[in-house]
Amino acid sequence: MSEKGKLISQVLLIAEKAGLTDITPIELSNGGNLIIHLAPHPIVARIATVISKEDAENAYKILDRELRVARHLQSKKVPTLLPTDLTNAGPYDVGGTWMTFWKYVPPIQLESPSPSEAIELINGLSRAMKDFVDELPVLGVWERTCQSAVRLSKHSDQSIQALLNVFLRVDEQIRLESSLLIPCHGDAHRGNLLPSPEGWVWSDFEDVSLMPAYWDLASFVGNLALFGGIQEPTFRCILDHINNDTDLKAFGFAITARILMSTIGNLDFALAGHGDLEFATRQLELAEDFIRQIDLIIGEK
């Protein structure tokens, strides 16, 4: 039996002990997490295969925090993918790999939220996250980017080196203002907003961190604007609703940092053979000019 097959068998044993019977495991995805629908039950097992291998103790902390964040957001009436309430959601130790149980969301097609609807979804998430009082990693998602930047510093490509020079300036600033960091989802991009029978719901809380203001808004719109240009509708809608220089500078800083994080991280993984090199290369081609345009917009306002 394959390693994945053994893992699924162990998950089924845990589920059966919890009273779930006649399970047909259906693999929904296998990226950073192996996600299995325990059909016919409305439950999915979210198995943290990657982070458990990196650091099992930290993986437990991340999964436990995910459950608490989701329940906190539920208490604040934020549309959220929730842990299952049919059994203990975990975390469970599956032979050294940590796992949690979540509610199953059946596939459904929804019309994409309009720019104003998307912004309200993000702002509702951000307002609720500010009230989350448990300890969170400081610059958690950003620290991974720092590791990627170190690896990329050995690369001879001048475009990469130019972007790393911008990164170093932003990294210095982000650490100088650490007292201003706030609780954030951390990775609130479009792919983590899932269609459900109840509407759009937020998911994937592995990266909750203390981050700069507007981080979640920048995470959602960053790649949309990078590929769609500064006239991208959601990006323009955000700018139209920011009416003072302080907030505009904060948003400009956040989106610059988020573009750097995405581009540097994707390049690092892709060059190591673990990601989409064509996508990462296109990000690199666009990033420097986009960041320059952001600086101009902030200067004009």
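None of these values were measured; they are calculated from a predicted model.

The rules behind each value
- Residues numbered from 1 in each chain as written.
- Predicted model: local features only at pLDDT ≥ 70, side-chain atom pairs only at ≥ 80, totals over all residues.
- Heavy atoms only, no water.
- Pairing = 2+ DSSP bridges.
- Helix = DSSP H or I, 4+ residues; strand = E, 2+ residues; numbered from the N terminus.
- Axes fitted to C-alpha atoms, helices over the stretch in contact; angles between N-to-C directions.
- Contact = heavy atoms within 4.5 Å.
- Core = buried A, V, L, I, M, F, W, Y, C linked by side-chain atoms within 4.5 Å.
- Buried < 20%, exposed > 50% of the residue type's maximum accessible area, 1.4 Å probe, protein only.
- Expected span 1.5 Å × (residues − 1).
- Polar contact = N/O pair within 3.5 Å; in protein donor to acceptor, adjacent residues only side chain to side chain.
- Phe/Tyr/Trp six-rings, centres within 6.5 Å; stacked < 30°, edge-to-face > 60°.

Caption draft 1: Geometry of the sheet that holds strand β5 (residues 97-103). Pairing is antiparallel across the open sheet formed by five strands, whose spatial order is β1-β2-β3-β5-β4. For this open sheet the edge positions go to β1 (24-30) and β4 (92-94), each flanked by a neighbour on one side alone. Strand-to-strand twist across the sheet, computed as the mean angle between neighbouring axes with direction ignored, equals 30 degrees. This element, helix α1 (residues 3-17), spans β1, β2 (34-39), β3 (43-48), β4 and β5 of the sheet and lies at about 45 degrees to β2. Each of β3 and β5 is contacted by helix α3 (residues 56-75), which is oriented at about 15 degrees to β5, the strand it contacts most.

Caption draft 2: View of the nonpolar core. Membership of the largest hydrophobic core comes to 75 residues, with the highest contact counts inside it found for W142, W202, F235, F251 and I255. Aside from chain neighbours lying at most four places away, what touches W142 is F167, V170, D171, I174, R175, M211, W215, A257 and M261. L34, I36, M99 and F101 belong to the second largest nonpolar core, which has 18 residues in total.

Caption draft 3: Just helix α4 (residues 115-130), in detail. Its 16 residues place the ends of α4 23 Å apart at the C-alpha level, agreeing with the 22 Å of an ideal helix rising 1.5 Å per residue. Listed as buried for α4 are A118, I119, L121, I122, G124, L125, S126, A128 and M129. Where the residues of α4 are buried, they touch α3, β6 (182-184), β7 (193-196), β8 (199-202), α7 (215-228) and α8 (233-241).

Caption draft 4: How the structure looks around the side chain of S209. Of note, S209 is situated in strand β9 (residues 209-211). For S209, the side chain forms a polar contact with the main-chain nitrogen of V141, separated by 3.5 Å. Those residues in contact with S209, other than ones at most four positions away along the chain, are L136, P137, G140, V141, I182, P183 and C184.

Caption draft 5: Molecular detail of unusual backbone geometry. Cis peptide bonds are those with omega within 30 degrees of zero, and the linkage from A39 to P40 qualifies with 5 degrees. One can find P40 in the loop between β2 and β3. Cis peptide bonds are those with omega within 30 degrees of zero, and the linkage from G90 to P91 qualifies with 5 degrees. By secondary structure assignment, the location of P91 is in the loop between α3 and β4.

Caption draft 6: Region of the structure containing the pairing of β5. With six of its seven residues buried, β5 lies for the most part within the structure. As judged from the six bridges shared by β3 and β5, these two strands associate in the antiparallel manner. Considered in β5, the bridge of V44 is made with W102. Both β4 and β5 contribute to a ladder of three bridges, which runs antiparallel. Counterpart to D93 in the pairing with β5 is W98.

Caption draft 7: View of the packing of aromatic side chains. Tallied over the full model, the rule gives eight aromatic pairs. Consider the rings of Y214 and F251, whose centres lie 6.0 Å apart with planes at 80 degrees: the pair is edge-to-face. Highlighted residues: Y214 in the loop between β9 and α7 and F251 in helix α9 (residues 245-271), separated in sequence by 37 residues. Classification of Y214 by relative accessible area gives partly exposed; the value is 25%. Overall, the relative accessible area of 1% leaves F251 in the buried class. Taken together, the ring pairs connect Y214, F235, F251 and F290 into an aromatic cluster.

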